Amino acid sequence: MGKSKTILTNLCRLILGITFIFSGYVKAIDPLGTQYKIQDYLEAIGLQGMFPDWSTLTVSVLLSTLEFCLGFFILLAIRRRLCSRIIFIFMIAMTLITLWLVVKDPIQDCGCFGDAIHLTNAQTFGKNIVLLACAAVLLRWPLRMVRFISRTNQWIAINWTILFILSSSILSLWYLPIFDFRPYHIGANIKEGMSIPKGAPQPKFKTTFILEKNGQRKEFNINNYPDSSWKFIDSKTTQISAGYIPPIHDFSIETRLTGKNITPQVLDHKGYTFLLIAPYLEHANDEDFGPINILYEYAQSHDYPFYCLTASNEKGIKRWIDLTGAEYPFCTTDGTTLKTIIRSNPGLILLKNGTIIRKWSHNELPNEGELTQPLELSKIGQTPGNSIAKKITKILLWFLIPLFLFVLADRLWAWGKWVRNKEKKDTDKINQLFKQKRKMRKKIVAGNWKMNMNLQDGITLAKAINSELKADKPNCDVIICTPFIHLASIAQFLDQNIVGLGAENCADKEKGAFTGEVSAEMVKSTGAQYVILGHSERRQYYKETPETLKDKVQLALKNGLKVIFCCGETLTDREANKQEDVVKAELEGSVFNLSADEWKNIILAYEPIWAIGTGKTATSDQAEEMLAYIRSTVAKKYGKQAAEDTTILYGGSCKPSNAPELFSKPDIDGGLIGGASLKADSFKGIIDAWK
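All of these numbers come straight from a predicted model, not from anything done at the bench.

A.B. asks: Help me understand the overall build of the protein, please; the structure alone is not making it clear to me.
C.D. replies: Helix and strand counts for the protein come out as 25 helices and 17 strands. Judged by the C-alpha coordinates and their principal axes, the protein covers about 120 × 75 × 50 Å. For the protein, the proportion of its 691 residues judged to be buried stands at 45%. Long-range contacts, defined as pairs at least 24 residues apart, comprise 73% of the intrachain contacts of the protein with a sequence gap of at least 6.

Following this line, the structure appears as structure tokens:
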């Protein structure tokens, strides 16, 4: 009897584990699809619009995580008692919900297996009855489940499982679902998906006629229709069988202005067609309009049709055009259909002869480097060869191999004290190494574009700098500080792990009626990380005072910006030998009020005003002398260690020819570059001085 109970328990454990893992995973890799289903449920109970999208998306991710983890934990008998109780409670709730679905029929598909498997409400209820019975068995005999992982190693499996499934959801949100179970998957021909096979069962209808004679009404059908002496009153037609419904039955494209149906024109086109899918432009991500516009220009130059399909009204379309400058044609398609086609708003699909051969999220649109050739010769113009079997194998390896290695490592860890002691020593060494590295000051080359270049030229220059530094990694940090109008656009094209982005100024007010000003918060919102404050040109032409700069510095730091603070003397000051007094006063007036923690976000830039834009350059010894003095002044205020950690740049007519000599000096940590930063080759030449 005991053996039978053990066999039954482990059989139920296997059924529940596999079902929960599959159900949780197909939901996890399509979190938007699960969110749509949750919204269907809310609509069915009259709560549509009551919850913001982020909340339903969060519930979607947490629900799939819970199901997957419970399935895996019960399959490996991890925390057997606790998991058995949670699964039993979960199945009671799910069974009651599906009973409601059977009785009321508010939703045709419960969505328990996402788009992978569709069940009727009755089938779902039957499935849940079986799973509830299995859960009851586990609740009764949880300890009869055989363990596969020792109790001491369970924490590894728990943490890795949670991390794995959450990462799967996040990646599927950022890119697209790893597996596409919908009829619009890669390789699907839309026209074939809309066709009805020959001989397929047709929907059947029954028509009833209501007629009257001598004040008496009766119902007749086509077989017993009476003679003309009966007067026709009404008729009603009801469907008695559904017949065959094609996988794609709601795909239709109508032109925006005329309402003309161009579906055949699009699907019968021989060659490539780009379809930008944006279910609702009001909620679409508008940060990637640059790559979309580039794609449209590419399509135009190669005569590839390009359409934007949306369910938005004219107001939503006009708003999108105003935001992005879109010139591509807009067409109308059902919103539910568009959300089914691709889980991204906007997303992009590429058709070839009516067949879907590529799909992209707005986070992974083809870049300019991939658009140098016609699609016929390009990699993106070909169907990817990643088969389902390869995907499944890759995912299993990603999940199981790290799990196995973690468990093995934990097992080895437990085999002896000497392993722990050795690890402690190694950790101490690593910490010591990090401490030593922290003591090394950052080397920085920062470009100050000033009031130069229009937006297009600025983007071109930023791309060139980014591209060159990606190909040839710099030995220092690189920052480009641009006019305000460039920031948001350039941020899209920079890899800020290689090239940081900064502004040339910010306002001394937090917000309000200050026409023409740009606040530190606004600068930060563009993606910028730095801001230049106290530049001599701002002091000279716009009469910025130490008090004004003090306010600007505080607001910049409050909004998470790092400050490049400039100080320096005029030619008159230097000739009167007052350079040290001037620089000290500028520091004391604007930044020496900061706390020690705030000071860590300050980069100083010494700029001899007489050497900015004049062609004159302070000698390397003059520059070193002033930077050494500035460092000593910082040491008196914040201590020797803080002074050693502070990066101080030289900002006076630095060029590729004199940069190596300047940067060789011990107190010069880089340069704040003006004119030479406006050309990628000269700026790169200065950066290379650190090599």
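A.B. asks: Quick question: what am I supposed to make of the UniProt feature "domain: Methylamine utilisation protein MauE" (unreviewed entry) in the protein here?
C.D. replies: This chain's UniProt record puts "domain: Methylamine utilisation protein MauE" (unreviewed entry) on residues 6-139. Split by type, residues 6-139 is 78% helix and 0% strand. Its first and last C-alpha atoms lie 13 Å apart.

A.B. asks: Looking at this structure, I do not really get helix α20 (residues 579-590). What am I missing?
C.D. replies: Within an α-helix, residues lying three or four positions from one another point in the same direction, as the helix has 3.6 residues per turn. With 12 residues, α20 ought to run about 16 Å at 1.5 Å a step, and its terminal C-alpha atoms sit 17 Å apart, in line with that. Looking at α20, one finds that the buried residues are Gln-579, Val-582, Val-583, Glu-586, Leu-587, Gly-589 and Ser-590. Looking at the buried positions of α20, the neighbouring elements they touch are α17 (536-541), α18 (546-558), β14 (562-567), α19 (571-575), β15 (602-606) and α22 (620-638).

A.B. asks: Explain the confidence of the model for the protein here, please?
C.D. replies: Low pLDDT means the predicted coordinates in that region are not meant to be read closely. Per-residue pLDDT for the protein averages 89, and the proportion of residues at 70 or more is 94%. Helix α13 (residues 417-439) is the least confidently modelled element of the protein, averaging 50 in pLDDT, while strand β13 (residues 530-533) averages 98, the highest of any element. Contacts of residues 433-439 to residues separated by more than four positions or lying in other chains number 4 contacts, the stretch itself having pLDDT below 50.

A.B. asks: Would you mind showing me how to read the environment of Thr-482 here?
C.D. replies: If you trace the backbone, Thr-482 turns up in strand β11 (residues 477-482). In this structure, the C-alpha to C-alpha distance between Thr-482 and Ile-186, residues 296 residues apart in sequence, is 42 Å. Apart from residues lying up to four places away in sequence, Thr-482 is in contact with Trp-449, Leu-487, Ile-490, Leu-501, Gly-502, Ala-503 and Glu-504.

A.B. asks: Help me out: how do you make sense of the packing of helix α14 (residues 455-471) against helix α15 (residues 484-491) in this one?
C.D. replies: A pair of packed helices can be characterised by two numbers: the angle between their axes and the separation between those axes. Where α14 meets α15, the axes come as close as 10 Å, and the angle between the chain directions of the two elements is 45°. The orientation of α14 relative to α15 falls into the category oblique. Here α14 runs over α15; the crossing is right-handed. Residues Leu-455, Gly-458, Ile-459 and Ala-462 of α14 touch α15, and the partners they reach there are Ile-485, His-486, Ser-489 and Ile-490. Of the residues belonging to the contact of α14 with α15, the class tally is 5 nonpolar, 3 polar and no charged.

Scoring rules and cut-offs
- Residues numbered from 1 in each chain as written.
- Predicted model: local features only at pLDDT ≥ 70, side-chain atom pairs only at ≥ 80, totals over all residues.
- Heavy atoms only, no water.
- Helix = DSSP H or I, 4+ residues; strand = E, 2+ residues; numbered from the N terminus.
- Buried < 20%, exposed > 50% of the residue type's maximum accessible area, 1.4 Å probe, protein only.
- Contact = heavy atoms within 4.5 Å.
- UniProt positions renumbered as here; feature names shortened; annotations may be inferred.
- Expected span 1.5 Å × (residues − 1).
- pLDDT = per-residue confidence, 0-100.
- Axes fitted to C-alpha atoms, helices over the stretch in contact; angles between N-to-C directions.
- Parallel < 35°, antiparallel > 145°, perpendicular 65-115°, else oblique.
- Left-handed = near helix turned anticlockwise from the far one by under 90°.
- Nonpolar A, V, L, I, M, F, W, Y, C, P; charged D, E, K, R; others polar.

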